[in-house]
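Summary of the model geometry
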Amino acid sequence: MSDEFWTIVGVADDLSWIVFHYAGAARAVGQRYLGGLLCTADGSLPPKEELEHIWNLFRSAGIEPWELFVVDNDMNSQGAIEAGPAPLEYFRSEVIAAKATKK
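All of the points below concern the structure found in this document. Residue indices begin from 1 for each chain and proceed along its sequence in written order. Local features in this predicted model are restricted to residues whose pLDDT is 70 or higher, and side-chain atom pairs enter the listing and the counts only when it is 80 or higher, whereas totals over whole chains, interfaces and linings include all residues. Only heavy atoms go into the side-chain values, all of them from the structure, while hydrogens and water stay out.

**Some details on the overall build of the protein**
Check the secondary structure of the protein and you find three helices and three strands. Put simply, DSSP marks the helices as runs of H or I at least four residues long and the strands as runs of E at least two long, and each gets a number from the N terminus on. In sequence order, the secondary structure elements of the protein are arranged as β-β-β-α-α-α. In terms of overall dimensions, the protein has a C-alpha envelope of 50 × 35 × 20 Å along the principal axes. Under the scheme applied here, a residue whose accessible area is under 20% of the maximum for its type counts as buried, over 50% as exposed, and between as partly exposed, the area being computed with a 1.4 Å probe on protein chains only. The buried share of the protein, reckoned over its 103 residues, is 24%. In this analysis, two residues are considered to be in contact whenever any of their non-hydrogen atoms come within 4.5 Å of each other. Considering only contacts in the protein between residues 6 or more positions apart, those separated by 24 or more positions represent 32%. All accessible areas in this document rest on Shrake-Rupley with a 1.4 Å probe, and a residue is counted as covered only by the protein chains that are shown. For the protein, the exposed area adds up to about 7800 Å²; of that, 59% sits on carbon and sulfur atoms. Here the positive residues are Lys and Arg and the negative ones are Asp and Glu; neither His nor the chain ends is included. Here the site of a charge means atom NZ of a Lys, CZ of an Arg, CG of an Asp or CD of a Glu. Across the protein, the centroid of the 8 positively charged side chains sits 2 Å from that of the 15 negatively charged ones.

Written out as structure tokens, the structure reads:
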């Protein structure tokens, strides 16, 4: 069992992205950890002009951008096929469709 503490570090005015920070401890194995997430509705990175601000948010939480990695949420990726449909896939599909119509 681990104890985690989550905070919202920053969010876009239009709610198109959000940065989370988490820290915790797994007492049984004597480990502490921290991390962060940049979340968007469709999993794509925000526009380049917003990234420096986002990286500064991570830095304010003690996380350097080079420590992050991209997670491929494409439903046709090997990992997604093996995992099966996501519990909120119906919502994700609506978000992606709405974003496509805005272009």
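That was the structure; now back to the text.
**What about the pattern of salt bridges?**
We define a salt bridge as a side-chain nitrogen of Lys or Arg found within 4 Å of a carboxyl oxygen belonging to Asp or Glu. In this structure the tally under the stated criterion is three salt bridges. Residue Arg-27 pairs with Asp-3 through a salt bridge whose shortest N-O separation is 2.3 Å. Of the two residues, Arg-27 is situated in the loop between strand S2 (17–26) and strand S3 (31–40) and Asp-3 in strand S1 (residues 2–11); the sequence distance between them amounts to 24 residues. Accessibility expressed as a relative area gives 35% for Asp-3, which makes it partly exposed. The structure contains a network of salt bridges with shared partners spanning Glu-52, Arg-59 and Glu-64.

**Remarks on the packing of aromatic side chains**
Each Phe, Tyr or Trp ring, with Trp reduced to its six-membered ring, pairs with another whose centre is within 6.5 Å; inter-plane angles below 30 degrees give stacked pairs, above 60 give edge-to-face pairs, and intermediate values give tilted ones. Tallying each qualifying case throughout the model produces four aromatic pairs. A connected cluster of aromatic rings, assembled from ring pairs, spans Trp-6, Phe-20, Tyr-22 and Tyr-33.

**Here we look at unusual backbone geometry**
Phi is positive for Leu-15, close to 65°, though the residue is something other than glycine. Summarising the element assignment, Leu-15 is placed in the loop between S1 and S2. A relative accessible area of 67% means that Leu-15 is categorised as exposed.

**Points about the side chain of His-21**
Within the element layout of this structure, His-21 appears in strand S2. A polar side-chain atom of His-21 sits 3.5 Å from the main-chain carbonyl oxygen of Ala-61. Once you skip the residues sitting within four places of it in the chain, His-21 turns out to touch Phe-5, Trp-6, Thr-7, Val-9, Leu-34, Gly-35, Gly-36, Ala-61 and Ile-63. Counting of polar contacts relies on pairs of N or O atoms within 3.5 Å, with two restrictions inside protein: one atom must be capable of donating a hydrogen and the other of accepting it, and residues adjacent in sequence are counted only when both atoms are side-chain atoms.

**Quick word on the side chain of Thr-40**
Following the sequence through the fold, Thr-40 ends up in strand S3. Apart from the residues within four sequence positions on either side, Thr-40 is in contact with Ser-16, Trp-17 and Pro-46.

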